[in-house]
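Structure at a glance
Residue-level listing of the chains:
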Protein chains: 2
Amino acid sequence: MVDSESPSAARVLQLVASGAASSRTELATALGVAQSTVSLRVQELLRAGVLTETGHGRSQGGRRPRTLAVAAEAGYVCMADLGGAHTRIGVLDIGGRLLHSEEIPLGAGESPQATLDALHDAVHTMLDTVRPSGVLLGAGIGLPGPVQDGAVTLPSRMPGWRGFDAAHALRRTFDCPVVVDNDANLMAIGEARVTNRGKENLVVVKAGSGIGSGVIVGGALYRGNDNASGDISHMRVAAGADLPCSCGIRGCFAAVASGAALVEQLRAKGMAVESTSDVVRAAENAEPEVITTVRAAGSLLGEVLATIVNFFNPDAVLLGGALSTSEAYVAAVRAGLYDRCLPLSTRNLEISRVRTGADAGLFGAGLLVLDTVLDERLAALADSRTEPDEKAGV
Amino acid sequence: MVDSESPSAARVLQLVASGAASSRTELATALGVAQSTVSLRVQELLRAGVLTETGHGRSQGGRRPRTLAVAAEAGYVCMADLGGAHTRIGVLDIGGRLLHSEEIPLGAGESPQATLDALHDAVHTMLDTVRPSGVLLGAGIGLPGPVQDGAVTLPSRMPGWRGFDAAHALRRTFDCPVVVDNDANLMAIGEARVTNRGKENLVVVKAGSGIGSGVIVGGALYRGNDNASGDISHMRVAAGADLPCSCGIRGCFAAVASGAALVEQLRAKGMAVESTSDVVRAAENAEPEVITTVRAAGSLLGEVLATIVNFFNPDAVLLGGALSTSEAYVAAVRAGLYDRCLPLSTRNLEISRVRTGADAGLFGAGLLVLDTVLDERLAALADSRTEPDEKAGV
DNA sequence: CCTACTTCAACCAAGATCGAAGGAAGTGGC
DNA sequence: GCCACTTCCTTCGATCTTGGTTGAAGTAGG
């Protein structure tokens, strides 16, 4: 359940690829493990062909380090972050570097199979342009709703998706290992692993057309009992006492303050907004009506998060999703949170935007699938190395 | 940070003492580790004098097991659970068995030093009666408020305690190792470790004169950033819009539904209640006014917990504290929770009373101090065994 | 050119845990 | 009584990890 600081293959590659470490010694300090341990693991990765020695680095007074680099030709993974109206897709090389990401006009509103087919086409068009070297190792996909066994169990804005085994369908379509998870969970994983703050316990909020969060405990994703952790959309707020929600209860937070709710509210007032991004743009243009609405939504999120922070006492609250790109929104969240939270819990609390921005979910999806794919590959290599040995030995 | 299933000394002893395991083989299956590992650890504990072999068990078709028992003469720890008006004290033997527990009329209302002095006297009177064999190994104390570095940082009903280093004072008074922690945290630890359900992630609520909770993640206590996790008393609820709270904000949950708040409300209506227990008693006697008030408080807790359950998606919510002894209260909590929570999160959720009842906090305090004390003792023994070897060897 | 010093990575021993194997101590059928 | 079988516990090597040491590689200064 915990894999934060362990020198997993994917993590070693990520450090090398990101430039955070380019020699064995640097890896050892970055991972916090003994040099000898790193040495062995690097040897494995070299043999597996996913790392290469590229030469020597500059000496710092002593022996020159042997520089390491990921073998780009070893392959890549591709990711998708499915939203209500838009979908973000991208490619990660084997070292966890984002080679490319883009937004495509594809929503989960269609039938599942049609959506996934369109996604498949879009991904392959992207791959034709990007032309990453090597082979497709795996794919990771984020869906906007609680995911269990590869299927969405509570699709609020996704008609027809309930119980549809997306993982199975994708495996068939893409013909490679696939992981499917909730979008906010993937965002939390991505942000936690790419921007390594010294923080162990995080709440990462995705405020887009819906609102969800991912929870990081001890550096690893906390999934809860049914992989349903992080739901904050159905908290009861006074501001929405009479608004109905897809869950069947009135007064839910997301029914008032989600991007979709803001669009509705503004359209009711005659404004020409279609999506959450439209709302954010209008707010940046300082349209008074919009900015008031956005601030109110942010303040409400702050209030909701105050409850979460009091209970969970995390090291940081990180904001992502389309709404978080609005300065006004973030400011309102901060204000609402500090206003309603115990000083004890906010004293050491960081509240900021996700550093990986709109790509956070893609990073999470890619890194998650890289973990499993690389582990399998190393295990296979270890097997193939021991078996012949036994033959030769006896 | 995680110590749930590891074969720690205290855990081995607890299993033996509780009767859950009386032979090495049973220990191995209970701990989920190899028999050889258990064998070595048992040898250590035998040498340390905290375990003894008592003879043979019944054969089950093969060789008879050698039965193990904790060496009662090896010592004991004593515990205290300090409340606003009452305090519960008890003694644990080295195997984690509760030898005795009682409630004494001592509250945290006095000055800290006076309270601790009175506590010391009460504990020694208790020890004179109980006469546990062996020596006092350590003491664990629970305080009703957030604890940092052995001191309460936000004493809501404890004038004069703010910043008072209780751990230091107790170490001097009792002259033994001491652990001090939040009462709800200790309750969570106690309940999680004594009644080992197959559950990994728990929320344990203490609903007494105040309301707090302890969070168990992966079998171990989750403490958060500032050891301040589990605070649910300051969640905003509609029912208490205008009631002031010690935190300076209006509308806090605990200002409406804590035991202290219920006492106030009922007294304002002319009822003769002094403490939370009085309220519970009156409710059990089916006094209409009281039972309505208690049910309302329970329903509110259920609503608050619905938020927590949606976010945290635990395996179980366990209710403790004086209020939880009221059937009506527990029923109202259940109703409120199921009413406001997503079915997804309650499908596999257990909602029940703590099985260790009023002693949950004592168990937690005792087991926590046993952990550290036993580890130290084994380490000391290991040292004393290696050092002479070196002398003799050279 | 030689020496002193720094840094890197391979090697080694120590500790923990595990699985397999085996001895010890029983039961039960013949 | 003998033998097969079961169960319990210990022993032994294998594996994985870690920290410390050593030798290799290189720099800086005289």
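The model shown is predicted, which means the values in this text are computed figures rather than measured ones. (Residues numbered from 1 in each chain as written. Chains lettered and ligands numbered in written order. Predicted model: local features only at pLDDT ≥ 70, side-chain atom pairs only at ≥ 80, totals over all residues. Heavy atoms only, no water.)

1. Considering the relation of the copies chain A and chain B
- Laying chain A over chain B is done by rotating through 180° and shifting 0.0 Å along the axis; what remains is an RMSD of 0.1 Å. Taken together, the rotation and translation relating the two chain copies correspond to the operation of a two-fold axis. It is A238 of chain A whose C-alpha, among those of chain A, lies nearest the rotation axis, at 3.4 Å.
- Both copies contact each other with a shared surface, as 100% of the interface residues of chain A are interface residues in chain B too. (Least-squares fit on C-alpha atoms with pLDDT ≥ 70 in both. Contact = heavy atoms within 4.5 Å.)

2. A word on the packing of helix 9 (residues 276-284) of chain A against helix 10 (residues 288-312) of chain A
Residue and element names in this part refer to chain A.
- Where helix 9 meets helix 10, the axes come as close as 8 Å, and the angle between the chain directions of the two elements is 115°. Between helix 9 and helix 10 lies a crossing whose hand is left-handed. Contacts between helix 9 and helix 10 involve V279, A282 and A283 from the former and V290, I291 and V294 from the latter.
- Taken together, the residues that form the contact of helix 9 with helix 10 break down as 6 nonpolar, no polar and no charged. (Axes fitted to C-alpha atoms, helices over the stretch in contact; angles between N-to-C directions. Helix = DSSP H or I, 4+ residues; strand = E, 2+ residues; numbered from the N terminus. Left-handed = near helix turned anticlockwise from the far one by under 90°. Nonpolar A, V, L, I, M, F, W, Y, C, P; charged D, E, K, R; others polar.)

3. A word on the sheet that holds strand 12 (residues 220-222) of chain A
All names here are of chain A.
- Taken in spatial order, the 5 strands of this open sheet run 12-11-10-13-14, and their pairing is mixed. The outermost strands of the open sheet, each flanked by one partner alone, are strand 12 and strand 14 (350-353). Each strand of the sheet is rotated relative to its neighbour by a mean of 25°, with strand direction disregarded.
- As paired strands, strand 10 (residues 202-207) and strand 13 (residues 316-320) are joined by 5 bridges and run parallel to one another. Opposite V205, over in strand 13, you have L319 as the bridge partner. (Pairing = 2+ DSSP bridges.)

4. With respect to the domain arrangement of chain A
Residue and element names in this part refer to chain A.
- Domain boundaries in chain A define domain 1 (9-70), domain 2 (74-188 + 359-381) and domain 3 (198-354).
- The distance between the C-alpha centroids of domain 2 and domain 3 comes to 25 Å.
- Taken together, the contacts link 12 residues of domain 2 with 20 residues of domain 3.
- Between domain 2 and domain 3 lies a buried interface of about 1300 Å² when both sides are counted; carbon and sulfur atoms form 52% of it.
- Taken as a group, N185, M187 and A188 account for 39% of the area that domain 2 buries against domain 3, more than any other trio of residues on that side.
- Summed over the shared surface of domain 2 and domain 3, the result is 3 salt bridges.
- The closest approach of N and O atoms between D81 and K206, which form a salt bridge, is 3.4 Å.
- For the interface between domain 2 and domain 3, the tally reads 7 residue pairs in polar contact (both at pLDDT 80 or more).
- Sorting the residues of the side of domain 2 that touches domain 3 by element identifies strand 7 (147-148) and helix 6 (183-194) as the ones contributing at least two each. (Domains from an automatic or database assignment. Buried area = accessible area lost by both parts, 1.4 Å probe. Salt bridge = Lys/Arg side-chain N within 4 Å of Asp/Glu carboxyl O. Polar contact = N/O pair within 3.5 Å; in protein donor to acceptor, adjacent residues only side chain to side chain.)

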